[in-house]
Amino acid sequence: MAEITVIICSLLIFSSIVFGIIRLVIGPDTVDRVVAIDLLTIVTIALIALLAHHMERYIYLDVALVYGLLSFLGVLAVARYLEKGI
Amino acid sequence: MSIPVITLLTLVLCAGILIGGVLAVQLNSIVSAVISAGLASLFASVVYVVLAAPDVAMTEASIGSGLTTMIFLYAIRKTQGED
């Protein structure tokens, strides 16, 4: 049962990464690419948590925690740049 | 059954690193190029986790994807770069 759950989550994360990369490639504006990279960051945090469950090494959750904090700051810096803030 | 799924995800991540590198070279907008370079760093961090190196992944996530983007944007603003 847990094995089926891992497979379903992997397929959902796979499709999310593919659609995010498609939007990043064809996005006509810079703002589209910022939103696409934000989506990919959130999906990546979910992927790291899934890997921590699958490999049964829960120290990997610290990587997801650090990444969640810093990706927020990165998107915030890009938004401040686009509004002539920095 | 679960090993091909993780292999599939790893292949997608490596393809994402390649796409991010090509976009960082090819795009005209300079902010889009910086964001694409951040994508390559983001996926490289996850590949480090798959390769069982969480400390390298944490360093790559904090410096490569977080700090580099901010410093690039700050430098572009300071040198009056065009969008």
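Residues numbered from 1 in each chain as written. Chains lettered and ligands numbered in written order. Predicted model: local features only at pLDDT ≥ 70, side-chain atom pairs only at ≥ 80, totals over all residues.

Draft legend 1. Main features of the interface of chain A and chain B. Counting residues at the interface gives 35 residues for chain A, matched by 32 residues for chain B. Sorting the residues of the side of chain A that touches chain B by element identifies α1 (2–26), α2 (30–55) and α3 (60–82) of chain A as the ones contributing at least two each. Considering only residue class, the side of chain A that touches chain B consists of 26 nonpolar, six polar and three charged. (Contact = placed C-beta atoms within 7 Å. Helix = DSSP H or I, 4+ residues; strand = E, 2+ residues; numbered from the N terminus. Nonpolar A, V, L, I, M, F, W, Y, C, P; charged D, E, K, R; others polar.)

Draft legend 2. Region of interest: the packing of α2(A) against α3(A). Residues and elements named next belong to chain A. In contact at an axis separation of 9 Å, α2 and α3 are set at 175 degrees when each is read in the N-to-C sense. One way to sum up the angle between α2 and α3 is to call them roughly antiparallel. The segment α2 lies against α3, with T30, V34, D38, T41, I45, I48, A49, L51 and A52 engaging Y60, L61, V63, A64, Y67, G68, S71, V75, V78 and L82. (Axes fitted to C-alpha atoms, helices over the stretch in contact; angles between N-to-C directions. Parallel < 35°, antiparallel > 145°, perpendicular 65-115°, else oblique.)

Draft legend 3. Just the nonpolar core, in detail. With 38 residues, the main nonpolar core has I48(A), V63(A) and L39(B) as its most contacted residues. Listing elements by their share of this core, those giving two or more residues are α1, α2 and α3 of chain A together with α1 (2–26), α2 (30–50) and α3 (54–78) of chain B. With 11 residues, the top contributor of residues to this core is α2(B). When residues no more than four places from it in sequence are discounted, the contact partners of I48(A) are Y60(A), V63(A), A64(A), Y67(A), V46(B) and V49(B). (Core = buried A, V, L, I, M, F, W, Y, C linked by C-beta atoms within 7 Å. Buried ≥ 20, exposed ≤ 12 C-beta atoms within 10 Å, placed from the backbone.)

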